[in-house]
Amino acid sequence: MSQTAVEKILSQHVGKPVHPDEVVIVPVDAIMASDATAPYAIRAFEEMGGGELWRPDKVILVIDHAAPAPNQHISNLHRMMRKFAQEKGCRLYDVGAGICHQVMVENRHVQPGEVVIGADSHSCAYGAVGAFATGVGSTDLAALMRTGKTWLKIPPTIRIELTGRLPAGTVAKDVILFLVGQLGLSGASYQAIEYTGEAIDGLTLAGRMTLASMSVEMGAKAGIVDPRGLELPYRFEPVWADKQAHYAQVLRFDLSNLSPQISTPHSPDHVVPLEDVQGTRVTMAFIGTCTNGRFEDLQAAAAVLKGRSIAPHVRLIIAPASREVFNQALQEGVVETLSQAGATFITPGCGPCVGTHLGVPGDEEVVISSANRNFRGRMGNPNARIYLASPAVVAATALCGVITDPGQVMDTKASPS
Amino acid sequence: MKGKVHLYGDHVDTDQIIPGAYTKTLDVDELASHVFEYLDTDFRTRMTSGDFVVAGEDFGCGSSREQAPLALKAAGVAAVVASSFARIFYRNAINIGLPVVEIGPHDIENGSELEIDLEAGALTDRTAQRTYPVTKIPAVMLDILREGGLVPYLKKHGDYQL
Ligand code: SF4
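Residues numbered from 1 in each chain as written. Chains lettered and ligands numbered in written order. Predicted model: local features only at pLDDT ≥ 70, side-chain atom pairs only at ≥ 80, totals over all residues. Heavy atoms only, no water.

Trainee: Looking at this structure, I do not really get the pairing of strand β5 (residues 115–119) of chain A. What am I missing?
Mentor: Side chains on a regular strand alternate between the two faces of the sheet. Residue and element names in this part refer to chain A. Summarising burial for β5: 5 of the 5 residues are buried, a large majority. Both faces of β5 are covered, namely the face carrying V115, I117 and A119 and the face carrying V116 and G118. Where strand β2 (residues 30–34) lies against β5, 4 bridges are found, and the strand directions are parallel. Bridging from a neighbouring strand, A33 pairs with A119 of β5. Across 4 bridges, β5 lies against strand β6 (residues 132–135) in parallel orientation. Among the inter-strand pairings, I117 is bridged to a residue of β6, identified as T134. (Buried < 20%, exposed > 50% of the residue type's maximum accessible area, 1.4 Å probe, protein only. Helix = DSSP H or I, 4+ residues; strand = E, 2+ residues; numbered from the N terminus. Pairing = 2+ DSSP bridges.)

In structure tokens, the structure reads:
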């Protein structure tokens with residue numbers, strides 16, 4: 001029987017062939033909760049009867065959403081997580097380690113062909129390494145801590161074939177913004193997406209994570225990237241979709257004419273080509289998040305800002321996706337370049353993405369961000385407006401103080417690398 | 001279940017249900033006091049316990065915060081009826097014991113009296129005297145709802161039953 005990659009992975013785990021729309025109980029390989037969801041999960045776990053964790057080595061807790069704690073209340077929730085981790089013997093990544101999804105992938109808590117569940121909607125990012133991964137809430141996670149299993153409706157798969165070569169100046173973020181614009185917020189609801197095609201074969205792991213992470217912005221349960229071209233620092237067995245697999249839909253997009261894309265307020269699917277909003281004045285710029293806070297993202301921003309200064313009315317805030325990312329950026333001079341250009345670095349973690357601490361915009365302010373969501377109030381103020389774009393676009397915009405295509409400010413003769 | 005309708009549109013995301021800034025608490029009454037704060041400032045004064053929220057497509061999209069259905073439940077909402085739900089919101093709602101009901105095209109108005117029978121999969125608009133079929137909740141989820149959520153369910157059974 002021919003299967004999609006997701007059907008294959010789930011069949012292997014359930015121990016029998018599974019079919020779309022069937023409700024199954026699936027054993028998982030690892031689970032994750034952040035400080036936004038772990039406190040509730042811990043409480044629910046205790047309410048379910050507490051006791052031992054299903055597998056302490058497979059339960060990962062990360063303090064990243066409000067790290068370091070902005071007030072005593074949150075600090076006490078963090079304490080609760082540390083105490084729990086110590087008592088139960090599970091792994092806890094504390095303040096500054098980085099964003100949960102980055103930490104999971106960097107530390108190999110998720111590997112190709114696995115089923116990994118996170119109590120965070122962007123857990124679908126692990127599809128970048130060819131895992132089936134999806135987000136759940138705290139109570140689901142508590143049940144997973146106890147049983148190592150969860151209930152799941154097998155999602156039908158949408159295959160998205162991306163043909164052509166990505167034009168110079170466009171990156172994975174432009175691809176995914178374009179797709180979110182095409183499919184809309186609920187275009188893939190309850191379904192899994194398989195991304196494939198020559199346009200994305202050459203993407204790095206970072207680019208694949210950008211792509212997979214925003215699957216949820218189309219309502220998808222999971223987003224898995226074709227393993228062709230995938231490079232990981234260890235040996236792995238990729239799971240390939242069968243050639244004859246049945247898809248709920250096959251969508252083809254030719255990306256050979258893609259231009260930088262931008263998502264406009266107040267919804268991630270309000271996507272337009274950058275030129276439509278070029279010149280819009282901004283006062284805050286943010287580079288970071290599980291979608292675009294990795295080394296190559298910081299490097300892309302540094303390439304735009306090298307030897308220059310950001311506009312005086314703009315504050316540029318950078319939250320590296322992890323300590324590892326930050327350390328690499330330090331070593332390679334990227335931090336220095338950005339700091340000299342006027343950027344402010346904050347703790348590796350979610351930073352201003354979700355508005356729980358640090359970098360909340362003021363009323364009427366316009367923000368350009370490399371994040372994945374721009375709903376009203378997302379960064380902590382319903383009276384601010386948020387645009388989403390690639391790190392290079394955020395950097396070029398910080399430089400000029402108005403929304404700017406990096407192609408117009410980059411020295412085309414100087415080649416990066 | 002019987003109650004009054006509070007009607008909203010499509011894509012009510014979790015930030016509109018409960019703003020992220022208010023979610024860092026384990027106190028459900030605190031959550032309830034900020035429900036729909038950005039979307040409908042009068043909601044908390046107009047609403048009485050047992051009322052229903054009726055909305056359009058993709059209710060609960062955005063962040064996976066379980067505080068969203070919890071806030072609604074704590075505020076006294078008896079069930080959410082929508083044309084469709086974001087997946088994680090749907091799961092979370094079932095898991096914390098808040099019934100969620102999918103409905104096809106309808107002309108239910110704000111303030112109407114509704115009656116919902118989950119087991120039968122039927123919804124009656126008593127004001128307009130019209131009955132709508134609604135999508136039946138799959139068995140595993142109905143079992144979880146019947147126990148009042150996943151916590152009491154697992155406390156009782158120790159593991160998933162299929
Ligand atoms: S960076 Fe933003 S989107 Fe990613 S996990 Fe953190 S809060 Fe969520």
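Trainee: Before we go on, may I ask you to explain the interface of chain A and chain B in this structure?
Mentor: Note on interface size: it is often stated as the accessible area lost on association of the parts. Residue-level contacts link 46 residues of chain A with 39 residues of chain B. Between chain A and chain B, roughly 3800 Å² of surface is buried when both sides are summed, and carbon and sulfur atoms account for 61% of that area. Per-residue buried area on chain A facing chain B is highest for Y40, W151 and Y190 of chain A; these three make up 21% of the total on that side. Where chain A touches chain B, the interface holds 2 salt bridges. Across the pair R91 of chain B and D140 of chain A runs a salt bridge whose closest N-O atoms are separated by 2.7 Å. At the boundary of chain A and chain B, one finds 12 residue pairs in polar contact (both at pLDDT 80 or more). Those elements that place two or more of their residues in the side of chain A that touches chain B are β1 (23–27), α2 (38–47), α3 (72–88), β6, α5 (138–147) and β7 (149–153) of chain A. Looking at the side of chain A that touches chain B residue by residue, the class counts come to 21 nonpolar, 15 polar and 10 charged. (Contact = heavy atoms within 4.5 Å. Buried area = accessible area lost by both parts, 1.4 Å probe. Salt bridge = Lys/Arg side-chain N within 4 Å of Asp/Glu carboxyl O. Polar contact = N/O pair within 3.5 Å; in protein donor to acceptor, adjacent residues only side chain to side chain. Nonpolar A, V, L, I, M, F, W, Y, C, P; charged D, E, K, R; others polar.)

Trainee: Please clarify how the environment of Q12 of chain A should be interpreted in this entry.
Mentor: Tracing the chain through its elements places Q12 of chain A in helix α1 (residues 5–14). C-alpha of Q12 of chain A to C-alpha of E114 of chain A: the two residues are 102 residues apart in sequence and 9.4 Å apart in space.

Trainee: Can you walk me through the sheet that holds strand β7 (residues 130–133) of chain B in this structure?
Mentor: Residues and elements named next belong to chain B. The sheet built from 7 strands is open, its strands ordered β4-β3-β2-β1-β5-β6-β7 with mixed pairing. Looking at which strands have only one partner, the edges of the open sheet turn out to be β4 (100–102) and β7. Between one strand axis and the next, the sheet turns by 30 degrees as a mean value, whatever way the strands run. Relative to β7, strand β6 (residues 122–125) runs antiparallel, the two sharing 4 bridges. Across the sheet, the residue bridging to T124 is T131, located in β7. (Axes fitted to C-alpha atoms, helices over the stretch in contact; angles between N-to-C directions.)

Trainee: What is the right way to look at the site of the ligand in this model?
Mentor: Residues and elements named next belong to chain A. Inspection of the region around the ligand gives H65, I99, H101, D120, H122, T289, C290, C350, C353, V354, N372 and R378 as its neighbouring residues. A molecule is said to occupy a pocket when more than half its atoms come within 2 Å of that pocket's grid points, and by this definition the ligand occupies the largest cavity. Residue composition of the shell around the ligand, grouped by class: 5 nonpolar, 5 polar and 2 charged. Shared between two domains, the shell around the ligand takes at least three residues from each, and those domains are domain 1 (26–149) and domain 3 (262–409). (Near = heavy atom within 4 Å. 1 Å grid on protein atoms, 1.4 Å probe; cavity = no way out; pocket = protein on both sides within 12 Å on 5 of 7 lines; lining within 4 Å. Sits in = over half its atoms within 2 Å of the grid points. Domains from an automatic or database assignment.)

Trainee: Hey, could you run me through the nonpolar core in this one?
Mentor: One broad trend across soluble globular proteins is that nonpolar side chains are buried collectively. By size, the foremost hydrophobic cluster in this structure holds 103 residues, and its most contacted members are Y126, I160, L179, Y195, L316 and I368 of chain A. Sorting elements by how many residues they give to this core places helix α6 (residues 172–183) of chain A first, with 8 residues. (Core = buried A, V, L, I, M, F, W, Y, C linked by side-chain atoms within 4.5 Å.)

Trainee: Please clarify how empty space enclosed by the protein should be interpreted in this entry.
Mentor: One way to see where empty space is left: roll a probe the size of a water molecule over the atoms. The full count for this structure, using the stated rule, is 3 cavities of 30 Å³ or more. Its boundaries defined by the atoms lining it, the largest cavity holds a volume of some 260 Å³. If you trace the largest cavity, you find 23 residues lining it, with H65, D120, V354 and R378 of chain A together with S63 of chain B closest to the centre. Going through the elements one at a time, α4 (100–106) and α9 (289–292) of chain A are the ones with two or more residues in the lining of the largest cavity. Of the voids in this model, the second largest cavity is the one considered here, and its volume is about 190 Å³. Elements represented by at least two residues in the lining of the second largest cavity include exactly β6 of chain A together with α5 (87–96) of chain B. For the lining of the second largest cavity, the element with the most residues is α5 of chain B, which contributes 3 residues. Looking at the lining of the second largest cavity, its residues break down into 8 nonpolar, 6 polar and 5 charged. Split by domain, the residues of the lining of the second largest cavity number at least three in each of domain 1 (26–149) and domain 2 (157–254) of chain A. (Points joined across faces, edges and corners; volume = space filled by probe spheres on them.)

Function-wise, these values are silent; they only describe arrangement.
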